[in-house]
Amino acid sequence: MDDLGRKSPEQLLLSDKHPIIVILDDVRSMHNVGSVFRTCDAFAVEELYLCGYTPCPPHRDIHKTALGATETVKWRSFATTAEAVEHARSLGYSILAVEQVHNSTPLNTFDWKGQKTALVFGNEVTGVNNEILGLADGCLEIPQWGSKHSLNIAVSAGVVLWELVRKKKTILP
């Protein structure tokens, strides 16, 4: 790790984070959950919320794809996504659902300046729950030009987090 300039797990836990909470709304795949853990580690997000029937560690299928990120990413579970959204809002986070809906903001035009933001990613089949869409302050959409117009949840998390943190004016140490 020293050769690559990467932080140790201990250093990452103590380091500054991007003011982003990732909220998983009834994500069913343990492999997707593990992949999102790794993505949250890579982009040094503040916290990951696992909601509804989203599986939680410890589980070997989550650990298989997380590759240790369950130990480096702060996380908690909530019985419902609405509870998680309200908790994030009480901490001063704006809530953005990542979903294809009428009047969504294309990700490439969203101007994130590092403000506290909670991103809600939905179920692999049904997307972000309508109740949560109603609670959100807005929706981000990843522009797509293929025939499917959908991405795997873990891929979506990577795309959105990369786009946000690359636009931020300051880089974490």
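All values reported here derive from a predicted model rather than from experimental measurement. (Residues numbered from 1 in each chain as written. Predicted model: local features only at pLDDT ≥ 70, side-chain atom pairs only at ≥ 80, totals over all residues. Heavy atoms only, no water.)

(A) The arrangement of the pairing of strand E4 (residues 94-98) in detail. Burial analysis of E4 places four of its five residues in the buried class, which makes it a mostly covered element. Where E4 and strand E6 (residues 117-121) come together, four bridges link them in parallel fashion. For Ser94, the partnering residue across the bridge sits in E6 and is Thr117. (Buried < 20%, exposed > 50% of the residue type's maximum accessible area, 1.4 Å probe, protein only. Helix = DSSP H or I, 4+ residues; strand = E, 2+ residues; numbered from the N terminus. Pairing = 2+ DSSP bridges.)

(B) Here's a closer look at the layout of surface pockets. Its volume calculated, the second largest pocket comes out at about 350 Å³. If you go around the second largest pocket, you meet 20 residues; those closest to its centre are Val98, Glu99, Ser150, Leu151 and Ser156. Contributing elements (two or more residues each) for the lining of the second largest pocket: strand E7 (138-141) and helix H6 (153-167). Split into classes, the residues belonging to the lining of the second largest pocket amount to eight nonpolar, nine polar and three charged. (1 Å grid on protein atoms, 1.4 Å probe; cavity = no way out; pocket = protein on both sides within 12 Å on 5 of 7 lines; lining within 4 Å. Points joined across faces, edges and corners; volume = space filled by probe spheres on them. Nonpolar A, V, L, I, M, F, W, Y, C, P; charged D, E, K, R; others polar.)

(C) Looking closely at the sheet that holds strand E2 (residues 45-51). Pairing in this open sheet of seven strands is parallel, and the strands run E3-E2-E1-E6-E4-E7-E5 from one edge to the other. Whereas interior strands pair on both sides, the edge strands pair on one side only; in this sheet they are strand E3 (75-78) and strand E5 (105-106). Inspection of the sheet shows strand E1 (residues 18-25) paired to E2 by six bridges, in the parallel sense. The residue of E2 that forms the bridge with Asp25 is Cys51. In this fold helix H2 (residues 30-42) packs onto E1, E2 and E3, with an angle of close to 165° to the strand it touches most, E2. Contacting E1, E2, E4, E6 and E7, H6 crosses the sheet at an angle of about 160° to E6. (Contact = heavy atoms within 4.5 Å. Axes fitted to C-alpha atoms, helices over the stretch in contact; angles between N-to-C directions.)

(D) Seen up close, the pairing of E7. Taken together, the three bridges between E4 and E7 define a ladder with parallel strand orientation. Paired with Leu96 across the strands is Gly138, a residue of E7. The pairing of E5 with E7 spans two bridges and is parallel. Considered in E7, the bridge of Thr105 is made with Leu140.

(E) Structural detail: the packing of aromatic side chains. Scanning the entire structure with this criterion turns up three aromatic pairs. Considering the side-chain rings of Phe43 and Trp162, the 6.4 Å spacing of their centres and the 50° angle between planes classify their relative orientation as tilted. Of the two residues, Phe43 sits in the loop between H2 and E2 while Trp162 sits in helix H6, which places them 119 residues apart along the sequence. (Phe/Tyr/Trp six-rings, centres within 6.5 Å; stacked < 30°, edge-to-face > 60°.)

(F) Structural context of the nonpolar core. Of all hydrophobic cores here, the largest spans 32 residues; its most connected members are Val22, Leu24 and Leu119. Of all the secondary-structure elements, those providing two or more residues to this core are E1, H2, E2, helix H3 (60-66), E4, E6 and H6. With seven residues, H6 is the largest single contributor of residues to this core. The residues touching Val22, leaving out its near neighbours within four places in the chain, are Val36, Cys40, Val45, Glu47, Leu48, Tyr49, Leu119, Phe121 and Leu161. The next biggest cluster of nonpolar side chains, apart from the first, holds 18 residues, and it includes Ile21, Ala82, Val85 and Val120. (Core = buried A, V, L, I, M, F, W, Y, C linked by side-chain atoms within 4.5 Å.)

None of this, on its own, says anything about what the molecule does.
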